[in-house]
Amino acid sequence: MAKTVEIKIPGDIEFRVISNAFGFLIASAGLMAGEMVRLRSFDYWLDDIVPLLLLIWMGFRLYRNFLSTITAYQDFIPPAAEIRDRHIRETLRSEKAAVAQIAAKTGYTPEQVVEEVAKRIETKKADALKKGKNSH
């Protein structure tokens, strides 16, 4: 029988990765402002032991949490072919939906068109008569 392995992953794993990345950046900034960089010599590593330890610790935690996140989302990330097929299907659906919406638009019957044209002609004649009477 196949043995299943259960991995316990905390619910806030993404936030841990982000916070460890920021901690790593802050520790790097502390190291850059330290004696080793200022004097350009590894002989002063003892003066920068706190930023070095923080950098190592944050790097380890970032690596561990990043791997946990990748492991947690491994089943949720579809292969590239599936992403491409899904994109094609969604594109086709949206195109069909647009065509269906255009075809579903109500049109005028021939009788309605004749009535509207007749109304416009009568309106234009009435406007022309009013202009003719006003000009005399």
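Scroll up for the structure.
This one's a predicted model, so the numbers in the text were calculated from it and none came from an experiment.

A closer look at the overall build of the protein chain
Scanning the protein chain from terminus to terminus reveals 5 helices and 0 strands. Element order for the protein chain, N to C, with α for helix and β for strand: α-α-α-α-α. Out of the 136 residues in the protein chain, the part that is buried amounts to 12%. Relative to all contacts within the protein chain whose residues are 6 or more apart in sequence, the contacts with residues 24 or more apart total 60%.

Quick look at the packing of aromatic side chains
One pass over the full model with this rule turns up 1 aromatic pair. Plain terms: the ring middles of Trp-57 and Phe-60 are 6.0 Å apart, the flat faces sit at 35° to each other, and that makes the pair tilted. In this pair, Trp-57 and Phe-60 are both assigned in helix α3 (residues 49–72), 3 residues apart and thus about one turn of the helix distant. According to the relative accessible area criterion, Phe-60 is partly exposed, its value standing at 42%.

Some remarks on α3
Look at α3: 34 Å from first C-alpha to last across 24 residues, which is about the 34 Å you get at 1.5 Å a residue. For α3, the set of buried residues is Pro-51, Leu-52, Leu-55, Met-58, Asn-65 and Thr-69. Check the buried side of α3 and you find it contacts α1 (13–32) and α2 (35–39).

Overview of α1
Under the 1.5 Å per step criterion, the end-to-end length of α1 is 28 Å for 20 residues, consistent within 8% with the ideal 28 Å. Within α1 the residues assigned to the buried category are Ile-13, Val-17, Asn-20, Gly-23, Ala-27 and Leu-31. Considered in projection along α1, the buried side chains sweep an arc of 125° and stay on one side of the axis. Across α1 from its buried face, at more than 90 degrees, point the exposed residues Phe-15, Phe-22, Leu-25, Ile-26 and Met-32. For α1, the secondary structure elements touched by its buried residues are α2 and α3.

Observations concerning unusual backbone geometry
Even without being glycine, Arg-40 reaches a positive phi, approximately 55°. Relative to the helices and strands, Arg-40 resides in the loop between α2 and α3.

What about the side chain of Asn-20?
For Asn-20, the position within the fold is in helix α1. Not counting chain neighbours up to four residues away, the residues in contact with Asn-20 comprise Met-58, Arg-61, Leu-62 and Asn-65.

Here we look at the environment of Tyr-44
Within the secondary structure, Tyr-44 is located in the loop between α2 and α3. With a relative accessible area of 35%, Tyr-44 lands in the partly exposed category. For Tyr-44, the residues in contact, after removing those within four places along its chain, are Glu-35, Met-36 and Leu-39.

Some details on the packing of α1 against α3
Axis angle and axis distance: for two packed helices, these are the angle between their axes and the distance between the axes, and together they describe the pair. Remark: α1 packs on α3, axes separated minimally by 8 Å, with the N-to-C direction vectors making an angle of 155°. Here α3 runs roughly antiparallel to α1, going by the angle between their axes. At the point where α1 passes α3, the crossing takes the left-handed sense. Seen from α1, the contacting residues are Ile-13, Arg-16, Val-17, Asn-20, Ala-21, Gly-23, Phe-24, Ala-27, Ser-28, Gly-30 and Leu-31; seen from α3, they are Pro-51, Leu-52, Leu-54, Leu-55, Met-58, Gly-59, Arg-61, Leu-62, Asn-65, Phe-66, Ser-68 and Thr-69. Looking at side-chain class alone, the contact of α1 with α3 contains 13 nonpolar, 8 polar and 2 charged residues.

What counts and what doesn't
- Each chain has its residues counted from 1, running along the sequence as written.
- Under the rules for a predicted model, residues below a pLDDT of 70 receive no local features and side-chain atom pairs below 80 are neither given nor counted, while totals for whole chains, interfaces and linings still include all residues.
- The basis for every side-chain value is the complete set of non-hydrogen atoms in the structure, without hydrogens or water.
- Each helix is a run of H or I in the DSSP string that is no shorter than four residues. Each strand is a run of E no shorter than two, and both are numbered from the N terminus.
- Relative accessible area decides the class of each residue, using a 1.4 Å probe on protein chains only: under 20% of the type maximum gives buried, over 50% gives exposed, and in between gives partly exposed.
- Here, two residues are considered to be in contact whenever any of their heavy atoms come within 4.5 Å of each other.
- To pair, rings of Phe, Tyr and Trp, with the six-membered ring standing in for Trp, must have centres within 6.5 Å; the planes then decide the type, stacked if under 30 degrees apart, edge-to-face if over 60, and tilted in the middle.
- Expected span, for any helix, means 1.5 Å times one less than how many residues it has.
- Think of the arc as the fan of directions from the helix axis to the C-beta atoms.
- All axes here are fitted lines through C-alpha atoms, helices being fitted over the stretch that makes contact, and every angle between N-to-C directions spans 0 to 180 degrees.
- When an angle is under 35 degrees it counts as roughly parallel; over 145 it counts as roughly antiparallel; between 65 and 115 it counts as roughly perpendicular; any other value is oblique.
- By definition, turning the near helix anticlockwise from the far helix through less than a right angle yields a left-handed crossing, and turning it clockwise yields a right-handed one.
- By the convention adopted, Pro, Cys, Tyr, Trp, Phe, Met, Ile, Leu, Val and Ala count as nonpolar, Lys, Arg, Asp and Glu as charged, and the other residues, Gly among them, as polar.

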